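# Residue-level structural notes
Each chain, letter by letter, is given below.
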Number of protein chains: 2
Amino acid sequence: MTLQPVTPAFLDSLRGRLPPATFREAEEHHLTEPRGRFRGTGLLLAPGSTEEVATILRACAEARVPVVPHSGGTGLVGGQLLSEGVAPVILSLSRMDRVRAVFPEENVLVAEAGVILADAQAAAERAGRMFPLSLASEGSARIGGLLATNAGGTQVIRYGNARALCLGVEAVTARGEVWHGLSRLRKDNAGYDLRDLLIGSEGTLAVITAAALQLVPRPAGVGVALLAVPSPRAALELLAVAQARFADAVQGFELIGRMGFDFLEETGLGASPLTSRPDWSVLVELGLPEGLEPGPALERLFEEGEARGLVTDGVLAASEAQGAALWELRERIPEANRRIGSVSSHDISLPLSEIPGFIPEAEAALMALGPFRVNCFGHLGDGNLHFNVFAQKGEARGTHDALRRRIKELVHDLVHARGGSVAAEHGVGRLKVADLERYGDPVKLSMMRAVKQALDPRGILNPGAVLRSPGETTT
Amino acid sequence: MTLQPVTPAFLDSLRGRLPPATFREAEEHHLTEPRGRFRGTGLLLAPGSTEEVATILRACAEARVPVVPHSGGTGLVGGQLLSEGVAPVILSLSRMDRVRAVFPEENVLVAEAGVILADAQAAAERAGRMFPLSLASEGSARIGGLLATNAGGTQVIRYGNARALCLGVEAVTARGEVWHGLSRLRKDNAGYDLRDLLIGSEGTLAVITAAALQLVPRPAGVGVALLAVPSPRAALELLAVAQARFADAVQGFELIGRMGFDFLEETGLGASPLTSRPDWSVLVELGLPEGLEPGPALERLFEEGEARGLVTDGVLAASEAQGAALWELRERIPEANRRIGSVSSHDISLPLSEIPGFIPEAEAALMALGPFRVNCFGHLGDGNLHFNVFAQKGEARGTHDALRRRIKELVHDLVHARGGSVAAEHGVGRLKVADLERYGDPVKLSMMRAVKQALDPRGILNPGAVLRSPGETTT
C-alpha cells in the first residue's frame, strides 16, 4: 500500500477526534520556503497538545497519509514542504508554544516545539541565564525545527550545535505513541541515544513535541572586535592564538570576505567600519569570566596578532551597542545575498586545516566557468562556510541558472575531496538528497535506511526528506 | 536459527581467513570484571586491523556466532562478558592501539579503538593540546570501550561525556561492513546521527574501530581547592556562585561525604586535610584563561562562599603538586570502597535540584533496613552520584548480601521517582537490563528494540547487554 492523500473522508474522521482549533487554513508561509525553490501543498493541522499530535499520527499511520512537520518554516533545504506526490498533513507545531518550566538552579528550560527561539532566549534571560543558540532567523525559527535540523549559528564554537544544547526530548513516534523523554540529566547512559538520533533527523523518524534545553551562565563580560586578516590561513592562526589565551571564552569567530561588505554597500544594508577594505576580516567575540575585562583582552589579542603578522587592522567595540552593531553587519550579509540573488549557495564544512587550501581552489575552479562573484563567509571556528556564488553586478538574475547544477557539483566535489560536508548546518531536506547519495558513506546510508524502516515502517514521516522514498526516482 | 557457539569447524574457517597473530589465549582479565560479579567465556580473537574486524564479523554473522567486543575490560556493569548461553567470540580491540593522526591546528586526534586513554591524553599533550576525558581507570580503559559506554569522569561539567568529545567514528556493522565515518567536522548535518547512536550502545549495534576525538586548548592556569560545605544544598549553591563568576572555567566539582574520608583512613589510603572533619566537602577545580590567576580566583570564591554561609573551611592548593594530591584523595575513594566491600553500589544521576532532597531521603530509607554506612560521593556538577552502601565496620563481608536486591530497588525507586537515572555513567551492561525494563520509558524501549533489530538482525552483537536477547528469561 502506497502513501495516500488526505481525502474528505479522512478529514471527517479527524474532525471527530480533534478540537476545532486544530483545523486551520494553510497560509502562504506554510506552503513556501525562504528561497522560493519549493512549493508545498497539504492539509494544515495545528494541534495544541502532545496528545493531539499523537492522535493525528495514529490516524495518519492507519490511513498511511504522509505527515510533514512544520515548525518556524525558516529551513533553507525544503525539509518543511512536500511539493510532489500526494497531499500530506502539514503538522504545524506553532500552537504548542509554551515554556513549560524553567529551572535556573539546574540551568534547564523545558520548551514545547512551537516556542520561538527568541522567546526561549528571553525566558532564559528572565531567569538570569542564557540559551546560547543564536542565529539570524531566531525571531521566527521554533525549537522543534531547530532540533529537527540540529541548527548551528554563531556561538557553536563555544556551546555546540542545537544537539549539544538538548538534554531530553518528548516525541511522538510514527505509530502515534508518546516517548516521555524530557530528562534534565547531564549524565544518563540508560539505553541508546535516541534523543540525538531524532535531533537532526528532520522529522523523518518521529515528531519532537518538547525539549529540555541546556542553559548556561551568562559570561561576566563580552567583547567584540572586527579584525582585518591577510588570509583565511592567518584567520585560523589567529583563532589558535585566541584559544590558547582564552580557551572556550572564544565564543564567536566569523570569517567575512570583502565581497560580504561590498554586498552590504551594494544593497544599502551597511558598510565596513574598516576603511582599509581588507580582503578578509574576522568578527571575534569573547565571553569572559569575572576578573577579565573584554577591552584589554581584545587589545592583547590584537597586539599579538599584529606582532605575528596575523592582523593588519581592526576595530574594537567600545560598548555593548558597538558590539551589537558589528554583529548586525555580519547578520545582514544573508539578507544582502538574498537581495542580490545567488546563482548557487553552498552550506559546507571542512576540517579546519583544509580551509586555506579550499577557498582559492574553489574560486579558481569557478572562474574557469565564468566571471562569477563569490561571497565566502561563515562560522570559521566551526569550519562552516557559506560559499555563495553570484553573477557580476548588472547581470540579470537568472543569467547563469543553467550553470547552477554544474557549479554546485564543482563546489561539492571539492568539499568532499577534502573530507568536508555539503550539508553542514542547514541539513539535507529535499534539496540535498541526491548529494547525500553521491557523497555519503554507503554503509552509513544503508544503516540510515534500516533505522528509518525500523522507526517509520509505513514511511509516513516527512517522506522524501533526507532519504529518498522507496520507489521515488532520481531527480 | 538461534545463536551458535564457537565450534572447532568455525575456528578452522577463521584460521584460513585471519593471520595467526589474531588468535590468542584468553587471559584472566578477558574473563573477569573489576567487581567479580560476572565470569565470561569464549574464544579470544585480537584483530590487528579494521579489515580483520570486518572479516570476523562477517564470519560470525554467517555462522550466527555471538560477538562480545572487549576493550580495556574496566566496565562495572558486565557489558564486556558473556557468562551465559553459548560461548562467543571475545573480540579484543587491544592490538588496534595506534594513534593514527594528530591535527593540533584542528584540535583533533584520530585513535584506534584499542588506544589506552592515558596514551591518548599523552599524545594530545605532546601536541600542546589536551584530551579532557579523565577517569580513575584511565591507565587501562581504552577508547573503544570508553565510547561504547559513553564514559563520564571528572571533567564532564566542562567538556561533556565521551560522546561530546567524539567527532567521528569508524565502525564495523553486524554484517561485517565498514562505515568510514572518521569525520573531523564540527558541523555536519548530512544524515542521521549514527555516531551518537553507536556511542553508548555498548557494542550491541556495531563495533567502533577508531574515532576522531576532540582536543581542547589547555587552560592557562589550573587551581584546585577542597572546601567544606554545610550540606549538599550549600554545595549546589556554591556551584551556582562559581559558575556565575567563572562559567565553564569550573571544570571539576566533586562532592565528598565524610564517609569518603573515613574510608580512606580506615583503609590507610589517605586522610582529609580538613581537620574540622566536615560532613560534606567539595573538590573544586578551575581552569582559567590567561590573565586570571587561579589562587586569587579560588580565594574570592572561598570568601564569597564563606560570606554566604556556603563554605565553612577549606584548603587551597598552593602548587600543582598539592592540587594533584587533592585529586588523588578523591580518586582513591573507589579503591577504598573496593577494599571495604560494598553491599550495594549505585551509579545514579538526578536533576540537580533533586539532590538535596534525595540524599537524606535515601539514607533514612536505608536506615530503616539496617544500620548501614553510606558513602555518597561523585560528580555533583553533573548530578551524578555514587551512592554506595556498606555494612558497619567490623561486620563480615557478605553479612547483608541477602538484602542487596532490596537495597538496590529501594535506592533506584527513589531515584526514578525524582526523574533520575539508575545508569548514569557506567551504562547498562548486563547488570542493569532489568532496571532498564523497570524504569525505562516503554515507547523508548520499543524504539530501541526496533533499532537493534534493524542494525543487528541476527542478534550476534553483545547479546544480552542493554537489551534482553529475544527468548531470554527474566533474571
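Residues numbered from 1 in each chain as written. Chains lettered and ligands numbered in written order. Predicted model: local features only at pLDDT ≥ 70, side-chain atom pairs only at ≥ 80, totals over all residues. Heavy atoms only, no water.

As annotated in an unreviewed UniProt entry, chain A carries the name FAD-binding oxidoreductase and comes from Rubellimicrobium roseum. Database annotation for chain A, UniProt heading Sequence similarities (unreviewed entry): "Belongs to the FAD-binding oxidoreductase/transferase type 4 family." (UniProt positions renumbered as here; feature names shortened; annotations may be inferred.)

### Considerations on the domain arrangement of chain A
Residues and elements named next belong to chain A. Assigned domains within chain A: domain 1 (8–94), domain 2 (99–217), domain 3 (219–340) and domain 4 (342–426). Relative to domain 2, the C-alpha centre of domain 1 lies at a distance of 22 Å. Taken residue by residue, the interface counts 14 residues in domain 1 and 20 residues in domain 2. Taken together, the links from domain 1 to domain 2 amount to 0 salt bridges. At the boundary of domain 1 with domain 2, the tally comes to 4 residue pairs in polar contact (both at pLDDT 80 or more). The leading source of residues in the side of domain 1 that touches domain 2 is helix α3 (residues 50–63), at 7 residues. (Domains from an automatic or database assignment. Contact = heavy atoms within 4.5 Å. Salt bridge = Lys/Arg side-chain N within 4 Å of Asp/Glu carboxyl O. Polar contact = N/O pair within 3.5 Å; in protein donor to acceptor, adjacent residues only side chain to side chain. Helix = DSSP H or I, 4+ residues; strand = E, 2+ residues; numbered from the N terminus.)

### A few points about the environment of Leu-316 of chain A
All names here are of chain A. Of note, Leu-316 is situated in strand β14 (residues 313–316). Residue class for Leu-316 comes out partly exposed when judged on its relative accessible area of 25%. Sequence-wise, Leu-316 and Glu-202 are 114 residues apart; in three dimensions their C-alpha atoms are separated by 39 Å. Those residues in contact with Leu-316 that lie beyond four places of it in its chain are Val-224, Ala-225, Leu-227, Gly-295, Leu-298, Glu-299 and Gln-322. (Buried < 20%, exposed > 50% of the residue type's maximum accessible area, 1.4 Å probe, protein only.)

### Remarks on the relation of the copies chain B and chain A
Between chain B and chain A, which share one sequence, the superposing operator has a rotation angle of 180 degrees and an axial displacement of 0.0 Å; the RMSD is 0.0 Å. Considering both components of the superposition, the chain copies are consistent with a two-fold axis. (Least-squares fit on C-alpha atoms with pLDDT ≥ 70 in both.)

### Observations concerning the UniProt feature "domain: FAD-binding PCMH-type" (unreviewed entry) in chain A
In the numbering adopted here, UniProt assigns the feature "domain: FAD-binding PCMH-type" (unreviewed entry) to residues 37–218 of chain A. Each end of residues 37–218 of chain A is marked by a C-alpha atom, and these two atoms are 39 Å apart; helix forms 21% of the span and strand 25%.

### Some thoughts on the interface of chain B and chain A
The accessible area lost on association of the parts is a frequent measure of interface size. With 79 residues of chain B at the contact, the number on the chain A side is 80 residues. Taken over both partners, the interface formed by chain B and chain A buries close to 6700 Å², and the fraction arising from carbon and sulfur atoms is 58%. When residues of chain B are sorted by the area they lose upon contact with chain A, Lys-187, Asn-189 and Tyr-192 of chain B head the list and together hold 16% of the total. Connecting chain B to chain A are 12 salt bridges. Viewed at the interface, chain A and chain B are joined by 42 residue pairs in polar contact (both at pLDDT 80 or more). Here the element with the most residues in the side of chain B that touches chain A is helix α15 (residues 442–455) of chain B; it accounts for 10 residues. (Buried area = accessible area lost by both parts, 1.4 Å probe.)

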